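Reading the structure
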Amino acid sequence: MDIGLIAGILGGFALVLYGILAGGSPMSSFIDVGSIVIVIGGGIAATFVQYPLGDMLGIGKVFSKALKNPEFNTGQIIDKVIELANIARREGLLALEEAVDQVNDDFLKKGVMLIVDGTDPEMVKAILETELMNMTDRHSRGRGIFEALGALMPAFGMIGTLVGLVAMLQNLSDPSSIGPSMAVALLTTFYGSLFANLIFIPIAGKLKIKSDEEFLVKQVMIEGLLSIQAGENPRIIEQKLKAFLSPSVRGAIGTPEEGGKDE
Amino acid sequence: MDIGLIAGILGGFALVLYGILAGGSPMSSFIDVGSIVIVIGGGIAATFVQYPLGDMLGIGKVFSKALKNPEFNTGQIIDKVIELANIARREGLLALEEAVDQVNDDFLKKGVMLIVDGTDPEMVKAILETELMNMTDRHSRGRGIFEALGALMPAFGMIGTLVGLVAMLQNLSDPSSIGPSMAVALLTTFYGSLFANLIFIPIAGKLKIKSDEEFLVKQVMIEGLLSIQAGENPRIIEQKLKAFLSPSVRGAIGTPEEGGKDE
Amino acid sequence: MDIGLIAGILGGFALVLYGILAGGSPMSSFIDVGSIVIVIGGGIAATFVQYPLGDMLGIGKVFSKALKNPEFNTGQIIDKVIELANIARREGLLALEEAVDQVNDDFLKKGVMLIVDGTDPEMVKAILETELMNMTDRHSRGRGIFEALGALMPAFGMIGTLVGLVAMLQNLSDPSSIGPSMAVALLTTFYGSLFANLIFIPIAGKLKIKSDEEFLVKQVMIEGLLSIQAGENPRIIEQKLKAFLSPSVRGAIGTPEEGGKDE
Amino acid sequence: MDIGLIAGILGGFALVLYGILAGGSPMSSFIDVGSIVIVIGGGIAATFVQYPLGDMLGIGKVFSKALKNPEFNTGQIIDKVIELANIARREGLLALEEAVDQVNDDFLKKGVMLIVDGTDPEMVKAILETELMNMTDRHSRGRGIFEALGALMPAFGMIGTLVGLVAMLQNLSDPSSIGPSMAVALLTTFYGSLFANLIFIPIAGKLKIKSDEEFLVKQVMIEGLLSIQAGENPRIIEQKLKAFLSPSVRGAIGTPEEGGKDE
Amino acid sequence: MDIGLIAGILGGFALVLYGILAGGSPMSSFIDVGSIVIVIGGGIAATFVQYPLGDMLGIGKVFSKALKNPEFNTGQIIDKVIELANIARREGLLALEEAVDQVNDDFLKKGVMLIVDGTDPEMVKAILETELMNMTDRHSRGRGIFEALGALMPAFGMIGTLVGLVAMLQNLSDPSSIGPSMAVALLTTFYGSLFANLIFIPIAGKLKIKSDEEFLVKQVMIEGLLSIQAGENPRIIEQKLKAFLSPSVRGAIGTPEEGGKDE
């Protein structure tokens, strides 16, 4: 699980809580159920206007993608492709059929099967690239809900504050109530900004990063599969695929490594 | 009909209403006909400056597109294309002329007719892609009116608030009227933000989603039609077209499914 | 003339006037010559910094383009191209020289003359596409002045308001003057927002729409001219060119139609 | 020299000065050296963080480009290219060597020398296009400093205003000083907006326009040089190059003209 | 080391300090540990939500890239490539193996080794371009953290101010505390704007500039290596590569120069 994501959200809330308590206010002055309902409810309602029901129900699945660590990194995939290239070179393309059973990535498996079936190289490329392109489009659409919520929550925060201000301004007779009324009015803007900037916008950003990483891994697979099908030398294939890696991790290929990024 | 869109808009208004009533204000303090006229009227007037009369009159038709559920999903279209591919393979391209009568999508029908007429494959591709590109441009223009309204309503909301503030500031002699005057002045900003964020911006977003879906379906049709004309094996065509689908729905092809989105 | 543009601007001003009068303020409180001078003058001065004198003097010509209805619509151009294709087929390419005298579009005429002169098809394509691309660039530059004014007017509106606020704040001794001073200070922001959102931004939008329409019409001409030169069948040319139209107007080709947009 | 640029800046300042004096404030209330230092100094300091020293020192050279009128316009360059084409046709490519001495544009001269040296046409095209692309990149980077200042000045204006507000709020004991303190606090925002919108943003815009014009002129040169090298007919070259011009100036080629823009 | 970056940040802080002291406030009124914790902590927490742990830990390495002066400039690389081209011409491609030992750029060395190994030119191009593209993607991702902080710090500044305002408004009983409370509330917005505009946004800008420069240098290397492999004339290679330089530095090639930018 992506500890950073959870820790970041919890840490952010803790820091804001610290800021509240350090200012000497009771926690209770910052909780107003009605305000939370307007900001979250309004943001979700507007998102329902834009996204089909199926997408809205699938938001949990999209979120779980943001949380999940990737099963492979690029280096491991390159190792696997080179292994397949060696098998193909020694025992022929048909021998890949057996090797494919140990591959537990569906995209790579599908590509290998296309090659084993003797599909035309142009066709293999077209099928795999179409699949990659449509995967990217689907990711971008799933991410869109988080981006929409990141934009709508502050908007409904401001709408809620306007509701509070109008109510307050039409009832100025009791001066002692002005401060607290205005405080409550500002809470919706506070919630909207906090939820957008601590949760929705960064999660959309993380989904983009994960999608880019998956795109890179699958580009490596396509490049490798086409090279295997063309019968290229495994050493050349290795050089080609390592060009997708940062120089600092190239030496490490073949050994397990933490998914960190370098350079 | 797109229940989510209607439910989202009604739900959003209900939540704002709840926020108003929860704050103890009478509903009436939030209704000001003059303010509504400035925001909606001003936004529409500015849109008339930008868009031709024909576009403005067609806005209902564009909105009905946002409301309408698509007749086909990609899976069903793939089934239909494979069916046509099998007919073409068994009985020849001319047999498609009869089969086409049961096709009730104009774009697919037109493509089939071009093939039956023996049009050159390059020409078939050019005609269908030109049509697809121009459809996308038309969609983008129709959507533009909603985007313009989504940007103009908050602008005219602010203009209305400035009108109210100037009027109030030039008449500060009666302190008791300041609060209510300012409340009314803020109402235009409130209306502008609410209409933009709950109605116009999300509807523009939904139109984009529907246009992207239609683009995908028509891309699948073009790909399929060109493969049929090239006499490709229906099994290969199926693999090619399934690459447009998310892995999770691929198995379901051939069985009716709810239009939901996955992955 | 583009009635919608004029009506939109007048209607927008009328609505704002209604808002002012409905609020019980005299019209005079909203007119301040000095403020108008700062907003309009400042915006124009800054535009002079950016655009060459020639462009600034040509702004009236650009505006008249926004006002003018197009002489042809795509459907009429398709009819004309098909007519030329039939002439070329029956009487040869040279017969187009006579037919061209009745064509009153300079771009189409130029294309026909290139064909009649026996220019190489690649060269015809290059010349016409270069011309189309440069037309689009010129349109985009002319439109840029309106976009700049749409961005600069609110900026100078805010600058004017800051001038007014600073003046007011340095002279708080007479409390009765605070309100009116602040009211006047806000007028520049009011003018800047109104002029930008009712005039300059929507006119820039209209110029973009007109440029896109002209681009489409000229694309159709290029496509048609190259097909005529290649000696293609007029029926095929018709199918190719109709792909540029929305399905709903395709049937109407050959009959005059109002320039409205559909789908 | 570009009179419009200078006149626009001076005119803009004059208008703001008029607005200040018309409001009855003394000019002195709008001058605060400390505020100017924060806005300009802060903006420049932040620009130093982003841009290398060499770029910062070269800002004067970039500004002088915004001020300088172009030596040639597209029409004159077309005349010159056609003249060279005629020489090449009559006397052979080598005769261009002599003609090139009268050419006082380095880019055109370089292209001619490449042709005279018998460089491969593909190579000529690659060299000239690489140079054009890198020129555009350099222009865009030089322009970037002005764009950065246009964004940073308002930001430091707001930072200065926050400094002033915090200072004022911590010392509310003397009510009579509140107004003037707040007035001074607002001055930084005023300076930041004015400098950005009257100077830096429009100058960045002018640099973009000049860069686009130079790009167009050099595109014409490349097109012309390649045509000369290919031995094309000067009449065809003229038609090709005139496609880069607006229809309204095409007739004027051969006569000197003011650099104005048309259509 | 990049003196400008350090000097810019220190200078910016000094100017703001000057502004504070010039306004007669004690430095202490502008320091509030709690506010700094909310702005910096909140911004970092939200960045942890978006970026993987490995990226966050590598931020120092990315920052050191912004600080480091480039080892080579384009002119020096061109000299080196021409030297290699001369060696290859005189002594054959294999002689490059020895020459490569003195090359201390890994990318150039790798390219030379590919050539010496007799790799297919298409493959050399593909490998080097893949590596360049992935380098650019990695740079853009590393830069993204600074861009995210530049956007998040002002957002958490506003969130902190809202916390302070709500606390203040709910406790208006002691009028003398209102000013100082509001002053403290504004400090978070002040910190957020200052850190974003003086540190994070300009550093992200500098990283972009450095990445663009490295991209240019590596493009020159690829172009040069492919020309060497194709056996092109060193004089032609020089002309090709100099097209990547600004005209004003072309003459200086061969002599060491300060990394400044020109034109």
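Residue indices follow the written sequence of each chain, beginning from 1 at its first position. All chains are assigned letters beginning at A, and all ligands numbers beginning at 1, according to the order in which they are written. Only residues with pLDDT of 70 or above have their local features reported here, since the model is predicted, and side-chain atom pairs are shown and tallied only from 80 upward, although totals for entire chains, interfaces and linings are computed over all residues. Each side-chain value is derived from all of the structure's non-hydrogen atoms; neither hydrogens nor water enter the calculation.

Turning next to the overall build of chain A. Each helix and strand counted, chain A has eleven helices and zero strands in total. Each helix corresponds to a stretch of at least 4 residues labelled H or I by DSSP, and each strand to a stretch of at least 2 residues labelled E; elements are numbered beginning at the N terminus. Taken from N to C terminus, the helices and strands of chain A fall in the order α-α-α-α-α-α-α-α-α-α-α. In this setup the radius of gyration rests on C-alpha atoms only. A globule is expected at 2.2 Å times the number of residues raised to 0.38. Relative to the globule expectation of 18 Å for 263 residues, the C-alpha radius of gyration of chain A, 26 Å, shows a markedly less compact shape. The principal-axis extent of the C-alpha atoms belonging to chain A is close to 90 × 40 × 25 Å. The contact rule is simple, with two residues in contact once any of their heavy atoms fall within 4.5 Å. Contacts in chain A between residues far apart in sequence, at least 24 positions, make up 76% of those at least 6 positions apart. Methods summary: accessible areas were calculated by the Shrake-Rupley approach with a probe of 1.4 Å, and residue burial reflects only the protein chains presented. Within the structure as shown, chain A displays about 10800 Å² of accessible surface, and the carbon and sulfur contribution to it stands at 61%. When charges are counted, Lys and Arg contribute as positive and Asp and Glu as negative, whereas His and the chain ends are disregarded. A single reference atom marks each charge: NZ on Lys, CZ on Arg, CG on Asp, CD on Glu. Each charge class in chain A can be summarised by its mean position, and for the 21 positive and 30 negative side chains these summaries are 2 Å apart.

Attention shifts here to the interface of chain E and chain D. The interface of chain E with chain D comprises 49 residues on the first partner and 44 residues on the second. Take the accessible area each of two parts loses on contact, using a 1.4 Å probe, and add the two losses: that sum is the buried area. Buried area between chain E and chain D, summed over both chains or domains, comes out near 3900 Å², and the portion from carbon and sulfur atoms is 70%. The term salt bridge refers to a pairing of a side-chain nitrogen on Lys or Arg with a carboxyl oxygen on Asp or Glu at a separation within 4 Å. On the surface where chain E and chain D come into contact, there are two salt bridges. With its nearest N and O atoms 3.7 Å apart, the salt bridge here joins D:D117 to E:R235. Contacts described as polar in this section are N or O atom pairs within 3.5 Å, which, within protein, must combine one atom able to donate a hydrogen with one able to accept it, while residues neighboring in sequence count only if both atoms come from side chains. The tally of links between chain E and chain D comes to four residue pairs in polar contact (both at pLDDT 80 or more). Only α1 (3-22), α9 (178-229), α10 (234-242) and α11 (247-250) of chain E provide two or more residues apiece to the side of chain E that touches chain D. Here the side of chain E that touches chain D takes 20 residues from α9(E), the largest share from any one element. Each residue is assigned to one class: nonpolar for Ala, Val, Leu, Ile, Met, Phe, Trp, Tyr, Cys and Pro, charged for Asp, Glu, Lys and Arg, and polar for all the others, Gly among them. In terms of residue class, the side of chain E that touches chain D is built from 24 nonpolar, 16 polar and nine charged.

The next thing to look at is the relation of the copies chain E and chain D. Once chain E is rotated about the relating axis by 72° and shifted along it by 0.0 Å, it coincides with chain D to within an RMSD of 0.0 Å. The relationship between the two copies is best expressed as a five-fold rotation axis. Fitting of the copies onto one another was done by least squares over C-alpha atoms, counting residues only where both copies have pLDDT of at least 70.

Interaxial angle, 0 to 180 degrees, is taken between N-to-C directions of lines fitted to C-alpha atoms, where a helix line uses only the stretch in contact. For the pair helix α2 (residues 33-50) of chain A and helix α9 (residues 175-229) of chain B, the least separation of the axes is 7 Å and the interaxial angle reads 35°. As for the relative orientation of α2(A) and α9(B), their crossing is right-handed in sense. On α9(B), the residues that touch A:A45, A:A46, A:F48, A:V49 and A:Q50 of α2(A) are B:N197, B:L198, B:P202, B:I203, B:G205, B:K206 and B:I209. Tallied by class, residues from the contact of α2(A) with α9(B) come to eight nonpolar, three polar and one charged. A crossing counts as left-handed when the near helix is turned anticlockwise from the far one by less than a right angle, and as right-handed when that turn is clockwise.

In this complex, chain B contributes 49 residues to the contact, which on the side of chain A involves 44 residues. Summed over both sides, the interface between chain B and chain A buries roughly 3900 Å², with carbon and sulfur atoms accounting for 70% of that surface. Inspection of the region where chain B meets chain A yields two salt bridges. Taking the shortest distance from any N to any O, the salt bridge between B:E213 and A:R141 comes out at 3.0 Å. At the surface where chain B touches chain A, the tally comes to four residue pairs in polar contact (both at pLDDT 80 or more). Counting residues per element, the ones that place at least two in the side of chain B that touches chain A are α1 (3-22), α9, α10 (234-242) and α11 (247-250) of chain B. With 20 residues, the top contributor of residues to the side of chain B that touches chain A is α9(B).

A few words on the packing of aromatic side chains. All names here are of chain C. Geometry of aromatic contacts follows a simple scheme: Phe, Tyr and Trp rings, the Trp one being its six-membered ring, pair when their centres are within 6.5 Å, and the pair is stacked under 30 degrees between planes, edge-to-face over 60, tilted otherwise. Across all of its chains, the model carries 21 aromatic pairs over all chains by this definition. Relative to Y191, the ring of F190 lies with its centre 5.7 Å away and its plane at 45°, an arrangement referred to as tilted. Residue exposure (1.4 Å probe, protein chains only): buried if accessible area is under 20% of the type maximum, exposed if over 50%, otherwise partly exposed. In this structure Y191 comes out as buried when scored by relative accessible area, which is 4%. One aromatic cluster is present, formed by F13, F30, F190, Y191 and F195 through successive ring pairs.

Quick look at helix α1 (residues 3-22) of chain D now. The end-to-end C-alpha distance of α1(D) is 27 Å, a good match for the 28 Å that 20 residues give at a rise of 1.5 Å each. Taken as a whole, α1(D) has its buried residues at D:G4, D:L5, D:G8, D:I9, D:G12, D:V16, D:G19 and D:I20. Each buried residue of α1(D) sits inside an arc of 150° when the element is viewed along its axis, so together they form one side. Of the exposed residues in α1(D), the ones pointing more than 90 degrees away from its buried face are D:I3, D:L10 and D:A22. The elements touched by buried residues of α1(D) are α2 (33-50) and α8 (121-169) of chain C together with α4 (59-67) and α9 (178-229) of chain D. At the N-terminal end of α1(D), a side-chain oxygen is found 3.2 Å from the backbone nitrogen of D:G4, two or three residues along, and the residue is D:D2. Once α1(D) finishes, D:G24 follows within two positions and takes phi at roughly 80°, a positive value. Residue count minus one, scaled by 1.5 Å, sets the expected span of a helix. In this description, one arc is meant: the one made by directions from the helix axis to the C-beta atoms.

Time to look at the arrangement of the chains. For chain B and chain D, which are not in contact, the least C-alpha distance works out to 16 Å. In this structure chain B stays clear of chain E, and the shortest span between their C-alpha atoms is 16 Å.

As a further point, take the packing of α9(E) against α10(E). All names here are of chain E. The contact between α9 and α10 brings their axes to 10 Å, and the two run at 160°. Comparing their axes, α10 and α9 come out roughly antiparallel. Crossing of α9 over α10 shows right-handed handedness. Residues V220, E223, G224, S227 and I228 of α9 form the contact with α10, whose own contacting residues are I237, K240 and L241. Across the contact of α9 with α10, the residue classes tally to four nonpolar, two polar and two charged. In this scheme, roughly parallel covers angles under 35 degrees and roughly antiparallel covers those over 145, while 65 to 115 is roughly perpendicular and the rest are oblique.

Turning our attention to the environment of B:Y18. Residues and elements named next belong to chain B. Residue placement: Y18 occurs in helix α1. Looking at Y18, the relative accessible area reads 37%, which means it is partly exposed. Spatially, the C-alpha atom of Y18 lies 15 Å from that of G8, the residues being ten residues apart in sequence.

Residue and element names in this part refer to chain C. Mapping D55 onto the fold places it in helix α3 (residues 53-57). The exposure class of D55 is buried, given its relative accessible area of 4%. Expressed as a C-alpha distance, the spacing of D55 and D2, which sit 53 residues apart in the sequence, is 23 Å.

Residues and elements named next belong to chain A. In the predicted model, chain A carries a mean pLDDT of 90, and the fraction of residues at 70 or more is 95%. For every residue, the predictor states its confidence as a pLDDT score lying anywhere from 0 to 100. Averaged pLDDT values over the elements of chain A bottom out at 80 in helix α11 (residues 247-250) and peak at 96 in helix α8 (residues 121-169). Throughout residues 254-263 the model reports pLDDT below 50, and contacts reaching past four residues in sequence, or to other chains, amount to 24 contacts. Overall fold confidence (pTM) sits at 0.92, and the ipTM for the predicted complex is 0.90.

Once that is clear, we can look at a nonpolar patch on the surface. Grouping into patches uses exposed residues only, defined as over 30% relative accessible area, and leaves out salt-bridged ones; the cut-off is 9 Å for like charges and 5 Å for nonpolar side chains (Val, Leu, Ile, Met, Phe, Trp, Tyr). A contiguous nonpolar patch, built from A:L17, A:L21, A:M27, A:I31, A:V33 and B:Y18 and spanning about 530 Å² of accessible area, is present on the exposed surface. Its location among the elements puts A:L17 in helix α1 (residues 3-22). You can call A:L17 partly exposed: its relative accessible area is 32%.

The topology assignment puts A:T130 in helix α8. Overall, the relative accessible area of 17% leaves A:T130 in the buried class. Every residue in contact with A:T130, bar those within four places of it in the chain, is listed here: B:A243 and B:F244.

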